[in-house]
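Here is what each chain is made of, one letter per residue.
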Amino acid sequence: ADTVALAARRAAPFPRGLSLVHEDDAILVVVKPAGLLSIATDRERDRTAYRLLWDYLAAKRQRPFIVHRLDRETSGLLVFAKSEETKRALQAQFEARNVERVYLALVEGGGPPEERGTLESKLAEDRMLRVRSAEKGRQAITHYRVLRRRREGCLLELRLGTGRRHQIRVQLAEAGWPIVGDVTHGGARGSVGRLCLHATRLGFVHPATERQVVFESAPPADWV
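Everything numeric here is computed off the predicted structure, so don't read it as measured data. (Residues numbered from 1 in each chain as written. Predicted model: local features only at pLDDT ≥ 70, side-chain atom pairs only at ≥ 80, totals over all residues. Heavy atoms only, no water.)

Comments concerning the nonpolar core
Consideration 1: Formed by 38 residues in total, the largest nonpolar core has its most connected members in Phe80, Leu158, Leu172 and Ile179.
Consideration 2: Examining the composition of this core, we find that 6 residues originate from one element, helix H1 (residues 49-58), more than from any other.
Consideration 3: If we skip the residues at most four places from it in the chain, leucine 158 touches Arg101, Val102, Tyr103, Ala105, Thr142, His143, Tyr144, Ile168, Leu172 and Leu197.
Consideration 4: If you look at the next biggest cluster of nonpolar residues, it comprises 16 residues, including Ile27, Leu202, Phe204 and Phe215. (Core = buried A, V, L, I, M, F, W, Y, C linked by side-chain atoms within 4.5 Å. Buried < 20%, exposed > 50% of the residue type's maximum accessible area, 1.4 Å probe, protein only. Helix = DSSP H or I, 4+ residues; strand = E, 2+ residues; numbered from the N terminus. Contact = heavy atoms within 4.5 Å.)

Digging into helix H3 (residues 167-174)
Consideration 1: Among the 8 residues of H3, 6 are classified as buried, and the element is accordingly described as predominantly covered.
Consideration 2: Burial in H3 covers these residues: Gln167, Ile168, Arg169, Val170, Gln171 and Leu172.
Consideration 3: Where H3 is buried, its residues contact strand E5 (100-107), strand E6 (116-125), strand E7 (131-133), strand E8 (138-150), strand E9 (153-160) and strand E10 (197-205).
Consideration 4: Within two residues after H3, glycine 176 carries a phi angle of roughly 95°, on the positive side.

Focus on the pattern of salt bridges
Consideration 1: Inspection of every chain in the model, using the stated rule, returns 13 salt bridges.
Consideration 2: Salt-bridge contacts for arginine 51 lead to aspartate 55; the nearest nitrogen and oxygen are separated by 3.3 Å. Of this pair, arginine 51 and aspartate 55 are both found in helix H1, 4 residues apart, which corresponds to roughly one turn of the helix.
Consideration 3: Look at arginine 51 and you get partly exposed, because its relative accessible area is 36%.
Consideration 4: When its relative accessible area of 39% is taken as the criterion, aspartate 55 is described as partly exposed.
Consideration 5: Salt-bridge contacts for arginine 149 lead to glutamate 115; the nearest nitrogen and oxygen are separated by 2.9 Å. Separated by 34 residues along the polypeptide, arginine 149 in strand E8 and glutamate 115 in the loop between E5 and E6 bring together distant segments of the chain.
Consideration 6: When its relative accessible area of 38% is taken as the criterion, arginine 149 is described as partly exposed.
Consideration 7: Each of Glu100, Arg145, Glu157, Arg159, Arg201 and Glu216 takes part in a single network of salt bridges with overlapping partners. (Salt bridge = Lys/Arg side-chain N within 4 Å of Asp/Glu carboxyl O.)

Side note on the layout of surface pockets
If you roll a probe as big as a water molecule over the atoms, it shows you where there is empty space left.
Consideration 1: Looking at the largest pocket, its volume works out to about 1,600 Å³.
Consideration 2: Lining the largest pocket are 46 residues, with Asp71, Glu125, Arg164, Arg165 and His166 positioned closest to its centre.
Consideration 3: Those elements giving two or more residues to the lining of the largest pocket turn out to be helix H2 (84-95), E5, E6, E7 and H3.
Consideration 4: Examining the composition of the lining of the largest pocket, we find that 6 residues originate from one element, H3, more than from any other.
Consideration 5: Taken together, the residues that form the lining of the largest pocket break down as 18 nonpolar, 12 polar and 16 charged. (1 Å grid on protein atoms, 1.4 Å probe; cavity = no way out; pocket = protein on both sides within 12 Å on 5 of 7 lines; lining within 4 Å. Points joined across faces, edges and corners; volume = space filled by probe spheres on them. Nonpolar A, V, L, I, M, F, W, Y, C, P; charged D, E, K, R; others polar.)

Topic: empty space enclosed by the protein
Consideration 1: Inspection of every chain in the model, using the stated rule, returns 1 cavity of 30 Å³ or more.
Consideration 2: Counted as a void, the largest cavity has a volume near 50 Å³.
Consideration 3: For the largest cavity, the full set of lining residues is His68, Leu70, Leu77, Arg101, Val102, Tyr103, Ala199, Arg201 and Leu202.
Consideration 4: Here the residues of the lining of the largest cavity are counted per class, giving 6 nonpolar, 1 polar and 2 charged.

What follows is the structure in structure tokens.
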């Protein structure tokens, strides 16, 4: 009888551009750099965090499932699921607002006069997909705390009460404290030439172990 030898697949290297924070049989946690899409759009299909992870996991006969997104210009922590069941479990936590999501932002000027507070507004997208306050918009809540005030700007810690698209960027701009580099919402380009917003902390109940897990990522050193 003939013997057929099946060669084991070579493990793919972790994709350049992403930083691996955690991987197990159920989830992947990575740091996405500024300038990279989370998932494909009509204009860009190949250069995305999702596509990079797809190629990486295919060598293990696995695939990624998108759980949440970050704006292209925003850097920081993203969690991906490795199954539809895990994806649904994680998204249920996001929808129930049980996920800890903390960002750091460098804003122009002195920042808010108070050391901490809450921004509440109603946000809606127009036909051009621009986000702004609107009477019939969806509720958006962001809690802020001042970490540092310097000449080049004010460093804020921001905790999401809700997770609307462009929520932090719009609320800070409308309050008069636009994020450095957020030219879309009236901010100056800044010396680092990109948006100074970073998803620095992500906490949730692990769908497989049912234990609380927390992941942290320091923001880019050139704007902190």
